[in-house]
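Residue-level structural notes
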Amino acid sequence: MTNKREIFIWLFLGIAATLWSYRPIWNIDIFWHIATGRVILESGIPNTDIFAPPLIRGDWTPFQWGYEAFVAWIDNNFGLSTLRVIHASIVGLAAGLFGLWSRGRGASIAASIATVAIFICLFEDRIRVRPHLFEPLFVMVTILCCKRGNSALLALIIAPLWANIHAVSSLWW
């Protein structure tokens, strides 16, 4: 059972991870995702390459269409700053879940904090405003669902959600 001091520590670490990952948008891919999402919101999932010149458009399906619709909706309604806050919060949530998972496996608070630091370092290259930012969160949710024997929940809810947010990474399991 966690005490108030430990809850404060995890809350502080989650907020620290969120603030640390609140970064400028330096990768232009997000704008491609937003543009694709706008097309999806306006007319559905495209089946041809909407960014190719009209004479050479070929077959294409955006695999992370859920992410693209989500970021377009957020940008249209709240702006890019909100999108950055949401992405940073996802890092904080994933880090907190990882710490709680580590603590639940019998690690000391210090060891759990160290494993969270390692977790963040391992996902450092994913901490951008892009669909792969969801990977650490989905990895932790998958681990927690399997730990509690909720594989049906995993198969029915998490897998399709993950597959439509960042399809390629969802194939690992």
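Residues numbered from 1 in each chain as written. Predicted model: local features only at pLDDT ≥ 70, side-chain atom pairs only at ≥ 80, totals over all residues. Heavy atoms only, no water.

1. Things to note about the side chain of threonine 18
- Considering the arrangement of structural elements, one finds threonine 18 in helix α1 (residues 4-21).
- Look at threonine 18 and you get buried, because its relative accessible area is 18%.
- Ignoring anything within four residues of it in the chain, the contact list for threonine 18 reads Ala88, Ser89 and Gly92. (Helix = DSSP H or I, 4+ residues; strand = E, 2+ residues; numbered from the N terminus. Buried < 20%, exposed > 50% of the residue type's maximum accessible area, 1.4 Å probe, protein only. Contact = heavy atoms within 4.5 Å.)

2. Focus: the environment of arginine 84
- Along the chain, arginine 84 turns up in helix α4 (residues 80-104).
- In this structure the C-alpha to C-alpha distance between arginine 84 and tyrosine 22, which are 62 residues apart in sequence, comes to 6.3 Å.
- Not counting chain neighbours up to four residues away, the residues in contact with arginine 84 comprise Tyr22, Arg23, Pro24, Ile25 and Val129.

3. Structural notes on the side chain of arginine 23
- Residue position: arginine 23 is located in the loop between α1 and α2 (29-43).
- For arginine 23, the residues in contact, after removing those within four places along its chain, are Arg84, Glu124 and Ile127.

4. Concerning the environment of isoleucine 50
- By the element assignment, isoleucine 50 lies in the loop between α2 and α3 (65-78).
- Each C-alpha atom, one on isoleucine 50 and one on tryptophan 60, is 8.4 Å from the other, the two residues being 10 residues apart in sequence.
- For isoleucine 50, the residues in contact, after removing those within four places along its chain, are Thr36, Val39, Arg57 and Trp60.

5. Focus: the nonpolar core
- Residues Ile30, Tyr67 and Leu83 are the most contacted members of the largest nonpolar core, which totals 32 residues.
- Of all the secondary structure elements, the ones that give two or more residues to this core are α1, α2, α3, α4, α5 (109-122), α6 (134-147) and α7 (151-165).
- In terms of residues, this core owes the most to one element, α4, which gives eight residues. (Core = buried A, V, L, I, M, F, W, Y, C linked by side-chain atoms within 4.5 Å.)

6. Quick notes on the packing of aromatic side chains
- For the structure shown, the criterion picks out six aromatic pairs.
- For the ring pair phenylalanine 98 and phenylalanine 119, a centre distance of 4.4 Å and an interplane angle of 15 degrees mean the geometry is stacked. With phenylalanine 98 in helix α4 and phenylalanine 119 in helix α5, the pair connects residues that are 21 residues apart, well separated along the chain.
- For phenylalanine 98, a relative accessible area of 14% puts it in the buried group.
- One aromatic cluster in this structure is built from Trp32, Phe51 and Trp60. (Phe/Tyr/Trp six-rings, centres within 6.5 Å; stacked < 30°, edge-to-face > 60°.)

7. Considering the packing of α4 against α5
- Where α4 contacts α5, the two axes come as close as 9 Å, and the packing angle between them is 140 degrees. Classified by the angle between their axes, α4 and α5 sit oblique to one another. Both α4 and α5 take part in a crossing whose hand is right-handed. Taken together, the residues of α5 that come into contact with α4 (itself represented by Ala94, Ala95, Phe98, Gly99, Ser102 and Arg103) are Ile109, Ser112, Thr115, Val116, Phe119 and Ile120.
- Split by residue class, the contact of α4 with α5 holds seven nonpolar, four polar and one charged. (Axes fitted to C-alpha atoms, helices over the stretch in contact; angles between N-to-C directions. Parallel < 35°, antiparallel > 145°, perpendicular 65-115°, else oblique. Left-handed = near helix turned anticlockwise from the far one by under 90°. Nonpolar A, V, L, I, M, F, W, Y, C, P; charged D, E, K, R; others polar.)

8. Concerning a nonpolar patch on the surface
- A contiguous nonpolar patch, built from Leu11, Ile15 and Leu19 and spanning about 320 Å² of accessible area, is present on the exposed surface.
- Structurally, leucine 11 is set in helix α1. (Patch = residues over 30% accessible without salt bridge, like charges linked within 9 Å, V, L, I, M, F, W, Y side chains within 5 Å. Areas by Shrake-Rupley, 256 points an atom, 1.4 Å probe, with all protein chains shown as cover. Salt bridge = Lys/Arg side-chain N within 4 Å of Asp/Glu carboxyl O.)

9. A short note on the pattern of salt bridges
- In the structure shown here, the tally under the stated rule is two salt bridges.
- Here glutamate 6 and arginine 103 are joined by a salt bridge, their closest N and O atoms 2.7 Å apart. Note that glutamate 6 is positioned in helix α1 and arginine 103 in helix α4, a separation of 97 residues in sequence.
- Residue glutamate 6 is classed as buried on the basis of its relative accessible area of 3%.

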